[in-house]
Amino acid sequence: MTLIRNATVMTCDPQLPSLGLLERAAIRTEGPVITWIGKDLELPPELATGATIDAGGRLVTPGLVDCHTHAIFAGDRADEFAMRAAGATYLEIAAAGGGIRASTGPTRVASDEQLIALLHERLDTTRAAGTTSIEVKTGYDLTVAGELRLLRCIAAAAATSRSRVVPTLLAHLIPAERAADRDAYVRSLCTELIPEAGRARLATSVDVYCDEGAYTLAETRAILEAARAAGLAVRAHVGQFADLGGAELLAEFGGLSADHLEQVSATGITALAAAGVVAVMLPGACVQLRLPVPPVAALRAAGVRLAIGSDLNPGSSYCESLAVPMWLATTHFAMTVEEAWLGVTRHAAAALAIDAGTLTVGGPADLVLWRCTNPADVPYRYGSDLVDQVFSSRG
Ligand SMILES: [Zn+2]
């Protein structure tokens, strides 16, 4: 049982306007669920029992939802980061052994135990920063057997984590050793990997990197069709570098989320809005790769829901705290504070199709008590650790 009183509770309840803020409020949880939320003065006396936290007006929010990570990998690419910072080009970094090979090599040779331990460590770090639900994609093995192994390692880490883990099978890139027979490689994804991931219930969705240097639109369509046949939801990395029409295709398939979107046409935005696809903004990678900003104003005007992810990955965004992308979203991307909060709570949960990201009676008891009173403080004071306590429905 947890009872927090005298708090500013951000419910993100869709029935309430904006962020659904309740001032001088109380919230009570029993086991994995929320049993009472409301004005402190209205708390029934029989519920005003047990160990109580006086929040002193500070903020209580839903546990944060990180809807886009590549958090299972081995190997270290800090030297590559330093090279890029010193002005090295993509080719110079690749010649020095950097790029995705610096992750696939160590990931393929790591034991299951090592991969599970590495993921556990990252789940703990992100949880300490307020994230209680987190999507984890595969994609750093790229062989059929290896990607299935990554999914099994994600499941093993999830089973013993206090975070709620949402596993995604990612069709990341064509591995260099299969460049000569890419059609056969894509076929192996569609006829072996995806059906097995669906049959064994190792993933809830399939993600495709639809972009220049990754999968073509035709290949993306084949992979999405295989995902649908396997009973899996679909999402895609779309338009990070070039607009191949992935937004329109994803809308056609009723995708959960279109992620990146630095390059997307007006037609693509209209299609996303009509299909209710969540647009996931990944400002960490956008800034680190010095890419143009996605068309936030046009997405907003079309009524597309905006989520924000950390894009936690070893190459372009080794980010374990959503406060930093919230800051970049509200500054570099010109999103409002309200949009930033919905982006890491309710809208991120919609992108994952999970019951999370809101505080409602009967809903999961995932919440964060912050060391601040104003929702704007979290992105405003982006480098400070403002998390006081994290409460999770998983104990
Ligand atoms: Zn990604």
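Keep in mind it's a predicted model, so treat the numbers as computed, not measured. All residue numbers refer to position in the chain's written sequence, counted from 1. Thresholds applied to this predicted model are a pLDDT of at least 70 for local features of residues and 80 or more for the giving and counting of side-chain atom pairs; totals over whole chains, interfaces and linings are not thresholded and use all residues. Computation of side-chain values: all heavy atoms of the structure, hydrogens and water removed.

A.B. asks: Explain the pattern of salt bridges to me, please; I cannot follow it from the model alone.
C.D. replies: Should their charged atoms come close, side chains of opposite charge can pair. Basic side-chain nitrogens of Lys or Arg form a salt bridge, by our definition, when they fall within 4 Å of a carboxyl oxygen of Asp or Glu. Taken as a whole, this structure holds 16 salt bridges when the rule is applied. The partner of Asp207 in a salt bridge is Lys137, and the shortest N-O contact between them spans 2.7 Å. Here Lys137 lies in strand β7 (residues 131–137) and Asp207 lies in strand β9 (residues 205–210), a separation of 70 residues in the sequence. Grouping residues by exposure puts Asp207 and Lys137 together as buried. Ionic contacts of the salt-bridge type, sharing partners, join the residues Arg77, Glu80 and Arg84 into one network. Helix and strand assignments come from DSSP, with helices taken as H or I runs of at least 4 residues and strands as E runs of at least 2, each series counted from the N terminus. In this scheme, a residue with accessible area under 20% of its type's maximum is buried, one over 50% is exposed, and one in between is partly exposed, where area comes from a 1.4 Å probe on protein chains only.

A.B. asks: Explanation requested: helix α3 (residues 101–109) in the structure shown.
C.D. replies: Two residues of an α-helix separated by three or four positions point the same way, owing to the 3.6 residues in each turn. Among the residues making up α3, those that are buried are Ala102, Ser103, Thr104 and Thr107. Any two residues whose heavy atoms approach within 4.5 Å are treated as being in contact. The inward-facing, buried residues of α3 contact α1 (78–85), α4 (112–128) and α5 (144–159).

A.B. asks: Help me understand the environment of Lys137, please; the structure alone is not making it clear to me.
C.D. replies: Owing to a relative accessible area of 0%, Lys137 belongs among the buried residues under this scheme. Sequence-wise, Lys137 and Arg300 are 163 residues apart; in three dimensions their C-alpha atoms are separated by 27 Å. Leave out the neighbours within four places in its chain, and Lys137 touches His68, Thr69, His70, Ala71, Ile72, Ile154, Thr168, Leu170, Asp207, Arg235 and His237. Here Glu135 takes part through its side chain, which lies 2.8 Å from a polar atom of the side chain of Lys137. Two N or O atoms form a polar contact when they lie within 3.5 Å of each other; inside protein one atom must be a possible hydrogen donor and the other a possible acceptor, and for residues adjacent in sequence the pair counts only when both atoms belong to side chains.

A.B. asks: Whenever I open this one, the environment of Ala236 confuses me. Can you help?
C.D. replies: By the element assignment, Ala236 lies in strand β10 (residues 233–238). Sequence-wise, Ala236 and His172 are 64 residues apart; in three dimensions their C-alpha atoms are separated by 9.9 Å. Once residues within four sequence positions are removed from consideration, Ala236 is found in contact with Asp207, Val208, Leu250, Ser257, Ala258 and Asp259.

A.B. asks: Just checking my understanding: could you explain the domain arrangement of the protein for this structure?
C.D. replies: Put simply, an interface is often sized by how much accessible area is lost when its parts join up. Each domain's extent is set by a domain assignment, obtained either automatically or from a database. If you check the domain split of the protein, you get domain 1 (2–62 + 358–391) and domain 2 (64–352). Domain 1 and domain 2 are separated by 30 Å when their C-alpha centres are compared. Contact with domain 1, which involves 21 residues of that partner, is made by 18 residues of domain 2. Taken together, both faces of the contact between domain 1 and domain 2 bury some 1700 Å²; the carbon and sulfur share is 71%. A simple way to read buried area is as the amount of 1.4 Å-probe accessible surface that goes missing from two parts once joined, with both sides added. A per-residue breakdown of the area domain 1 buries against domain 2 is headed by Pro379, Tyr382 and Val390, which together make up 33% of the total. Linking domain 1 with domain 2 are zero salt bridges, by the criterion used here. Taken together, domain 1 and domain 2 are joined by four residue pairs in polar contact (both at pLDDT 80 or more).

A.B. asks: Is there a simple way to think about the packing of aromatic side chains in this case?
C.D. replies: Two aromatic rings, taken as a pair, are described by how far apart their centres are and by the angle between their planes. In this scheme Phe, Tyr and Trp rings, the latter by its six-membered ring, pair at centre separations within 6.5 Å, and the angle between planes marks the pair as stacked below 30 degrees, edge-to-face above 60, and tilted otherwise. For the structure shown, the criterion picks out four aromatic pairs. Ring centres of Phe73 and Tyr318 lie 5.6 Å apart, and the angle between their planes is 80 degrees; this geometry places the pair in the edge-to-face category. In this pair, Phe73 is assigned in the loop between β6 (64–66) and α1 and Tyr318 in the loop between β13 (306–308) and α12 (323–331), connecting sequence segments 245 residues apart. You can call Phe73 buried: its relative accessible area is 1%. Looking at Tyr318, the relative accessible area reads 46%, which means it is partly exposed. Ring pairing ties together the aromatic residues Phe73, Tyr140 and Tyr318, which thus form one cluster. Here, a charge over a ring means that NZ of Lys or CZ of Arg falls within 6 Å of the ring centre while also lying within 35 degrees of the ring normal. Across from the ring centre of Phe73, 3.6 Å away, lies the NZ or CZ of Arg122, which sits over that ring.

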